[in-house]
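Listed below are the residues making up each chain.
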Amino acid sequence: MRLTMLWTAFTTLVATSLVSASSVHRRHCHIGKCNFHSSKSPKCWGNYSLDTNWYDETPNTGVTREYWLEIQNGTAAVDGVERMVLTVNGTVPGPTIYADWGDNVIIHVHNALENNGTSIHWHGLRQKYTTQHDGVASITQCPVAPGDTLTYEFRAEQYGHTWYHSHFALQAWNGVFGGIVVNGPCSAPYDEDKGLLFLNDWFHNTTDALWSTASAGAPPIAQNGLINGMNVYGDGGKRFEMTFTPGKRHRIRLVNGAIDTHFKFMIDNHKMKVIAADLVPIEPYVTDVLSIGIGQRYDVIVEADQGEGDFWLRAFPDMACSADNEMRDDIRGIVRYDASSSQDPASTAYSYTDDCLDEPMSRLVPYVPLDVENPTVKEEFDVGFEVDTHGMFKWTLDGTDFLSDWGVPTLQQSLIDLSVFKTSTNVVEVNQKEAWVYFVIENGLAALGLSHPIHLHGHDFSVLAQEANANYTATTPLKLDNPPRRDVAMLPANGYLVIGFKTDNPGVWLMHCHIGWHASQGFGLQVVERAAEIPALCDPASLDSTCAKWQKYVTAKGVLQDDSGI
């Protein structure tokens, strides 16, 4: 990787060193009723704990974490094959954002790209009362023009780990992504935190160059898969390695950052204790193989109970819904008990089934139990597709392929009291306060028998029902007593997904398939929630300034929008 600016390296160093130092101190030295200790008292967090309902109550640390991110053009050979990439501060993945539960976070994003807009979405963070900082081009902002800077500010009201990524066209999968860790309590003890582990599919061409193939309805074939941004390919590249301390328990923070791959993750000869799904702590359970959809995250604890040796760490593409991959059986890293070892493991993979299903609902039991009430609003959506007059493949919800305008974001429209949104923007307006909304998403034969990871911004939703190869009916049983809560759930092939969320967060929130190609092909809708309260939460001058600079750039360069806008 070639760093393109000394300023970038300096700001990365400053941000990382300052935040890491204070985070380490705070993480082990909370003053209050119960001090956090990862191996002795993991459920404690000062005057708060794992039992705290974080939707209603959040620590006020008085601490602000500030970061500077720069989006740049570059080249990289992450698997030994050099290609054009887009980077965050010169690296793929970009630097990790660290905070403590309850901190304020300020992130300055500067667009240093040669010829691209950008926006950065903080995936899974609810943005309670900060909808303008959700970072979605055409929804909550205009794209940030080259040379411009936009500052995002929000409170870390949840804890665990997640990721940030570009939400402009297909930019995220050219390299514009990185991790987020919010320190807080957890539901099981561990000895060592091994940090984030990204799982990605990888192409030797840019997503822009592959768009014509994808938009014709043919998912491009991936050349590789990456584990924390690396793998081998041919005679080049390098495998990711992780060292375990014998007898110790190791926390690993998994993220599926792929564009079109559902992974089955495992570490040979080891069991995983799963302690969180997305940003929701759960009652721990043990598994050999973890099914992780695009955009999803899992926290796992792995005990080094094998005495000694080297073991394959594997991420298999689930071929029931994933793009084909040249390296489908060789997306591997190595877990070593002795860091000085250089041998390839001789271990054997666990068996698994290609099904693209979520982990069973019965296993994803939130630690803080919350029940769901009957809905005030219930909407049903059928997934379908169409091919337009130009031969472009489009996904639809109830016959509408989503199309928004980079230059006129929905949030800006809501501030000028536009009472009628275009049909193509697929807006669901919900004005009731603290009401329950159910979305029933049906994925029948008209949807080609594919599974889809469904992501809702602005909320953790409850998974009320989820079944493959089945039809939703009025008698379909719904789980209302402490159902799984998360922000990405799989819509099974030829089946249905029922989610519920509470209207407790005024704003404009996108819901979409997290397969990158599908979102760009129109698989999405947006929720305008409690519209009358939105203007008081926004800074119109900042929103208008970003849009004015974007429009100036569009006019000067003749930029044309060629996808759904998200």
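Here, the structure is the one placed above.
None of the values given here were measured: they were computed from a predicted structure. (Residues numbered from 1 in each chain as written. Predicted model: local features only at pLDDT ≥ 70, side-chain atom pairs only at ≥ 80, totals over all residues. Heavy atoms only, no water.)

Novice: I keep staring at helix α2 (residues 207-215) and nothing clicks. Help me out?
Specialist: Taken together, the buried positions of α2 are T207, L210, W211, A214 and S215. Buried positions in α2, seen along its axis, are confined to an arc of 135° and lie on one side of it. Those residues of α2 hidden inside the fold are in contact with β25 (393-397) and α4 (516-520). (Buried < 20%, exposed > 50% of the residue type's maximum accessible area, 1.4 Å probe, protein only. Helix = DSSP H or I, 4+ residues; strand = E, 2+ residues; numbered from the N terminus. Arc of directions from axis to C-beta. Contact = heavy atoms within 4.5 Å.)

Novice: Could you clarify how one ought to interpret the pattern of salt bridges in this entry?
Specialist: Should the charged atoms of two oppositely charged side chains come close, the side chains can pair. As enumerated under the stated definition, the model contains 25 salt bridges in all. Across the pair R253 and D193 runs a salt bridge whose closest N-O atoms are separated by 2.7 Å. Residue R253 is found in strand β16 (residues 249-256), and its partner D193 is found in strand β11 (residues 192-202); the two are separated by 60 residues along the sequence. Using a relative accessible area of 36% as the deciding quantity, one classes D193 as partly exposed. The residue R363 makes a salt bridge to E359 at a minimum N-O spacing of 3.8 Å. Classification of E359 by relative accessible area gives buried; the value is 6%. Through salt bridges that share partners, D278, R297, R486 and D487 make up one connected network. (Salt bridge = Lys/Arg side-chain N within 4 Å of Asp/Glu carboxyl O.)

Novice: For this particular structure, what's the right way to read the side chain of N426?
Specialist: Mapped onto the elements of the fold, N426 is located in the loop between α3 (410-415) and β26 (427-430). Assessed through its relative accessible area of 13%, N426 is described here as buried. Contacts of N426, omitting those with residues within four sequence positions, involve L397, T400, F402, G524, L525 and Q526.

Novice: Explain the state of the cysteines to me, please; I cannot follow it from the model alone.
Specialist: Here a disulfide denotes one covalent bond, and it connects the sulfur atoms of two cysteines. Per the counting criterion, the structure on display carries three disulfides. Between C142 and C547 runs a disulfide, and the two sulfur atoms are separated by 2.1 Å. Disulfide C142-C547: torsion about the S-S bond near 95°, hence right-handed. Of the two residues, C142 sits in the loop between β7 (120-123) and β8 (149-155) while C547 sits in helix α5 (residues 540-557), which places them 405 residues apart along the sequence. (Disulfide = S-S within 2.5 Å.)

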